Structures are given as structure tokens and as C-alpha cells.
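# Chain and residue survey
Here is how the chains run, residue by residue.
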Amino acid sequence: MKKLLLLICSFLTFSSFVVKASHMMGGEITWTCHATGTYVFQLKFYRDCNGIPGPNAVNLVTNASIGTIPLTLVSQVDISPVGSGCPTCANPQNYPTAVEEFVYRSSLVVLSGTPPASGWYFYYDDCCRNSAIINLDATGGGMQILRAVMYAGSNFTPGICNDNSPQFAERPSIGLCNSDTVNYANSALDPDLDSLVYDWGKPLDGSSWPFTNYPFAAGFSFSSPLPSSSLNPANVNATLDPATGIINFYSVTTGAFVTVTKVSSYKCGQLVAEVFREVEIVLLNCPINTGPISTNHSPQFGTGNQTEVFTLLAGDSISLPLSISDFEFLNTPTPSMQVVALQSNSIAFGTNDTSSTSGCLIPPCATMNHPSPYSTSFPSLSEELNWVTACAHAGFNNGCLQHQRTFHFVFRANDNFCPANGVRYKNVIVNVTGPLIYQIGNDLAVSYPGVTLQWYLNGVPIQGATDTIITPTQSGVYTVMCSTGSGCQMLSNAVNRSFAGIENPTIEPTLSVYPNPLNSGQQLQVLVSNFTAGQQVININDISGRTVKTFTIELHNTTEHLAFDITELKAGIYQFSISNSSGLHQNSFVVK
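Residues numbered from 1 in each chain as written. Predicted model: local features only at pLDDT ≥ 70, side-chain atom pairs only at ≥ 80, totals over all residues. Heavy atoms only, no water.

The side chains of a regular strand alternate between both faces of the sheet. Of the pairings in the sheet, the one linking strand 10 (residues 181–185) to strand 16 (residues 246–250) comprises five bridges and is antiparallel in character. The partner of Thr181 across the bridge, within strand 16, is Tyr250. Pairing of strand 15 (residues 236–240) with strand 16 involves three bridges; the strand directions are antiparallel. The residue of strand 16 that forms the bridge with Thr239 is Asn248. Counting the residues in the hairpin turn of strand 15 and strand 16 gives five residues, including Gly245, whose phi is positive at 80 degrees. (Pairing = 2+ DSSP bridges. Helix = DSSP H or I, 4+ residues; strand = E, 2+ residues; numbered from the N terminus.)

So, in C-alpha cells, the structure goes:
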């Protein structure tokens, strides 16, 4: 009888979404540069399969001189949850998790002129919003507006496509289970390796640009769009990581909630694009009627943190093991274990995520052991990210040459639970740097074999300064350009040297660990640069934060090479840290 009542209540809950549903659940606008120097605009439209059909074509409205950009339908894909018995667009089963993705694309577009300081806007509007949405106020006009903004930057050339916008790495998961610690991402990748910053965006209302902010219901705001502890003390307020776009929250509250994620793209420190993904997140009850656990939970990554950051000197390699598991049952009459899958995305991956020679922005490409998405018939799986970096990765020029380039890897784990798959994200950030300048007494030095060096003072080449060591004689900022035989160039870090007498350069302490990864039994080599001589406390922590080894050493020079015996460390990811009077300095390493 209890199960019957549960089924009746669940049906009534889902029916309330359907009766009031429109067809549009969100979307985003992006653009790419074509080989001809023109723009190609794209709009993704997420449709509630219980609502009316999506349009066959759409128009973007813009304040660029072209005025309107027509887009035609090029793709229509069911992105409903994956699993036996899950709702689909062909058979929605009255579930709001049955969703279809429509992709619209323009022909080649020429944009003449230069964007104003406020940018060129591009928008698409549609009526009407789902009236079952909980976090928006009923006083709103019901309009839904998708938008993006293009800015000029310093190197903008009129009539030519200057920059690709950020591209969202994964399709959104519209339906999620409540009573689960949600780890959800609207992460993006930038084809130009521009820097990305994430923030909450505001849903819009009205009939023309710049529109008005859509009013929120009591207890919600654009920066708190999901159920918070003010609605139920058991809820945990949502947070958005500005570096990765990962959203974390916990909610026992069910319903449909509008969220907007804004991704801002910076080229050489200047804002060049803003793209917005607006999407409904539908939180559902996900009961499991068999097994010891009563509600579904997302898969777990077995190693590492939600976000991991690695810094490599160009030429170094990384091998990062990944594992996911979900040992819960499906909600079926006969107990059946769930199956997990892993999706991987990065502009650094090669073809099918398995080629190291082709398919990526800058070869050599990063690889996985299996094509993505990867799944087995088991509730757990193991994978590995492998990448050998090169000069070209640090030396990539997107309008300015920088000391460090950042590559993002986005991993999405999901189970096959119905009516909503459990999902969890992991972001791996790999910084590939050029050579580092370090201090030897009053001299500055750089060590990177097999390259031609040229020292610069305040951006101007120093005549004859092509050795690995230089003795500064003037105040200013010193850098080194390293060039390989193939023509690749890398820029070092910048060192500010001042002469009011002779002072030490203002240079940040750095530490490098290698080999990384290393085999169990090898010595861990550590190069510390620009540290204050004296006593240093060194800790090695495992992935849980537990300190597994501690050393106290005396540095006699500001730059020293150290070796540590770590033979007793088991395979895993560790954090190496040095604590001294200047603060805490850290780096990660992997034991295979």
C-alpha cells in the first residue's frame, strides 16, 4: 500500500510539471571562426519533450550592423537520461527529464565595424516560460531570452573573425535527484586558450535589449537560484566555482529551478566574450525500492579532489589515474546493480580521446585509454589521463605570448538510474609553463636545455645577452625568450630587479617536483627556487589531507636541489608542501 501511495504521489508531482510546461527549458548562444575569417553562430535550444515541438529555424537579433542573423536547424538529439526504462522524447512517461537538444547554425557571417565598449549583443527570445518553475516570481512576463556578448579587445580587426567564444563542454543534465550532494558543471572550453571566469547570470524578461531582470520568488535570487537553507534547514546553499563552473549543493526540496551560468573570456587580460547558459534544473524524488539504500546518489570519483591543479614545465608529462564507482541498485522489481559511464572533454585530447598525434589544438595530444564516452557493464571502471607536453603548449600565441598556458580537462561520471541519472563532475587543470628564472647570488639564471636564449629588459632585447646566466646592471623587468630549432618560442616568468644599491629581485618562491609521476621506490627530486635560506618544514600529505611524511631541513642557498626517500608511499596522489616565514608553497605529485 505504501508503494502504491508513493507511485500516486510521484505521478501527481511529475504531472504538475507537464500540465503547465512550455517547450523551452533553456539554451545558449556561441560562435566560432571559420577558415575564411568569417563567423559561424550557433544556438542550442533545450526542449521539454512533453511540450510543443521546437522551431525549424530561429533568428538572432544583434546591434551589429547586420541586424539579424538567421539560423537553420542542423541537429535534433534526444538527451534524456540513459538507462533501461528511462523516459525518452518518444515516450516521455510524463517525466520532465525527457529533453531534446535542437542545434541551429548560421551560414558564414561577416560583421563589419567594431563593437562598442558595451559590446555587440546577440539574443533570441521565446515565450513562454514553464509556469511550474518555483524560483521565478509570477509577476514576470514569461519571456525567456538567450544571449551572448562580443567585445573588441585590443587586437580586434573589423570584418574578420578575431576570436572564438567559449564552448560549453557538456550537454546539461536537466533532471537531478534530490537528497543527493549534487556536483554539477556548466564548464566550458575555449578554442583560443583564453582565460575563463564563471559567475551566476541573471535571467531576463521583456521585449527588447537590454531587457529587464526577471523577478525572483521569495527565498531565491540570481546568485542563489537553487533551494537554500532558508527554505529547508536540511538544504545546503549552492556555490559556483569561478575557475571551473562546478556548482555544488544539497537539496531535499523538489521542483523546477531556472539557473543562468555566465562564462567570461579574457584574451591577454582583456574581456572579449560573454556567453550564458540558461537551463532549468528539475529536482526529483529518486526512490530505490530494493537494496539497503532508499534513494539514488551520484557516482563517486575514487581518487583526487573535485578540482585538481598540476603545473608542468613544458616537456614534462602527466599520468593521472581516474576511477568511478556506484554500487547502488536500480529502481527495479528485481535487484540490479547500476552501470557507470565516463565522458571526457578537452581541446587537448586527440581524435576519439586516444590519438596522441592528431585531433587536438596543439600536438602532442592528451589521451585516455578508451574512446569517450567509456562504459562497462559493471558499477565501476578505471581510466587514465596521459599527456606529454611540449614547447608548443607553453608557447601557444593567441595574440600575446605568456609564461604559462592553462589546459582544462572536464570529466563527467553518470549512472543509469531512472528517471534521472546521477551525475558528478571532476575538473583537472594543467598549467604548462615556460622556463623559470632563478637567482644565483646577484645573477639571474635559467635552465632549459636545447634552446636558444635571448634576455629582455622591459620588453627590449639586451644585446649579446644569450647565455643561461646574466648579471643585471639596470633596474627593470627581466625576462627570457627561449626558442627551439623548430621555431617554437616560450616566455619565462618576469623578474623585477631594482638598483638602489643592489637589492634582491622581487621574485616569487617556486618549487618543482620530478619525475612526476614516479614509480614506487624512486627518489622524489625537488628543485626549490628563490626561497629564503634557513629552516624549512616539509610535509607530504595524501589525498585525504593526512600527513604521511614530515621533514625539517636547512636551506643554505636560495635555490637548491633536494632528494627525498619516499619508498614506503603507496600508489596515489600526494601534496608536497614547504612551510616557512614567507608562507605555504605546494605542488602535487603522483606515485604509480
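Along the chain, Thr433 falls in strand 26 (residues 423–433). The exposure class assigned to Thr433 is buried, which follows from its relative accessible area of 6%. Residue contacts for Thr433: discarding those within four places in its chain leaves Thr311, Leu312, Leu313, Ala314, Ala394, His403 and Gln404. (Buried < 20%, exposed > 50% of the residue type's maximum accessible area, 1.4 Å probe, protein only. Contact = heavy atoms within 4.5 Å.)

Per the counting criterion, the structure on display carries eight salt bridges. Among the ionic pairs, Glu101 bridges to Arg171, the shortest N-O distance being 3.2 Å. In this pair, Glu101 is assigned in strand 5 (residues 99–105) and Arg171 in the loop between strand 8 (167–168) and strand 9 (175–177), connecting sequence segments 70 residues apart. Judged by relative accessible area, Arg171 falls into the partly exposed class, the value being 39%. Across the pair Glu278 and Arg129 runs a salt bridge whose closest N-O atoms are separated by 2.7 Å. Here the residue Glu278 occupies a position in strand 18 (residues 270–284), and Arg129 occupies one in the loop between strand 6 (120–127) and strand 7 (143–150), the gap between them amounting to 149 residues. Of the two residues examined, Glu278 and Arg129, each falls in the buried class. Shared partners join several salt bridges into a network, and the residues in it are Lys44, Glu101 and Arg171. (Salt bridge = Lys/Arg side-chain N within 4 Å of Asp/Glu carboxyl O.)

Attention now moves to the packing of aromatic side chains. Per the stated rule, a full pass over the model turns up 19 aromatic pairs. Plain terms: the ring middles of Trp31 and Phe41 are 6.0 Å apart, the flat faces sit at 50 degrees to each other, and that makes the pair tilted. With Trp31 in strand 1 (residues 24–33) and Phe41 in strand 2 (residues 39–48), the pair connects residues that are ten residues apart, well separated along the chain. A relative accessible area of 0% places Phe41 in the buried class. (Phe/Tyr/Trp six-rings, centres within 6.5 Å; stacked < 30°, edge-to-face > 60°.)

Attention now goes to the state of the cysteines. Counted according to the given criterion, the structure contains eight disulfides. The disulfide bridge from Cys33 ends at Cys161, spanning 2.0 Å between sulfur atoms. The sign of the -75 degrees torsion about the S-S bond sets the Cys33-Cys161 disulfide as left-handed. Here Cys33, found in strand 1, pairs with Cys161, found in the loop between strand 7 and strand 8; they are 128 residues apart in sequence, far enough to count as distant. Of the residues examined, Cys33 reaches a relative accessible area of 28% and is grouped as partly exposed. One disulfide bridge connects Cys86 with Cys418, the sulfur atoms lying 1.8 Å from each other. On the S-S bond that ties Cys86 to Cys418, the torsion sits near -95 degrees, and the link is left-handed. Separated by 332 residues along the polypeptide, Cys86 in the loop between strand 4 (68–78) and strand 5 and Cys418 in the loop between strand 25 (404–414) and strand 26 bring together distant segments of the chain. Residue classification places Cys86 among the buried residues on the basis of a relative accessible area of 7%. Here Cys482 is not cross-linked by a disulfide; its sulfur's nearest cysteine counterpart is in Cys391, at 8.2 Å. What makes Cys482 buried here is its relative accessible area of 0%. (Disulfide = S-S within 2.5 Å.)

Glancing now at the environment of Ala35. Along the chain, Ala35 falls in the loop between strand 1 and strand 2. Ala35 sits in the exposed class, given a relative accessible area of 83%. Separated by 126 residues in sequence, Ala35 and Cys161 place their C-alpha atoms 9.4 Å apart.

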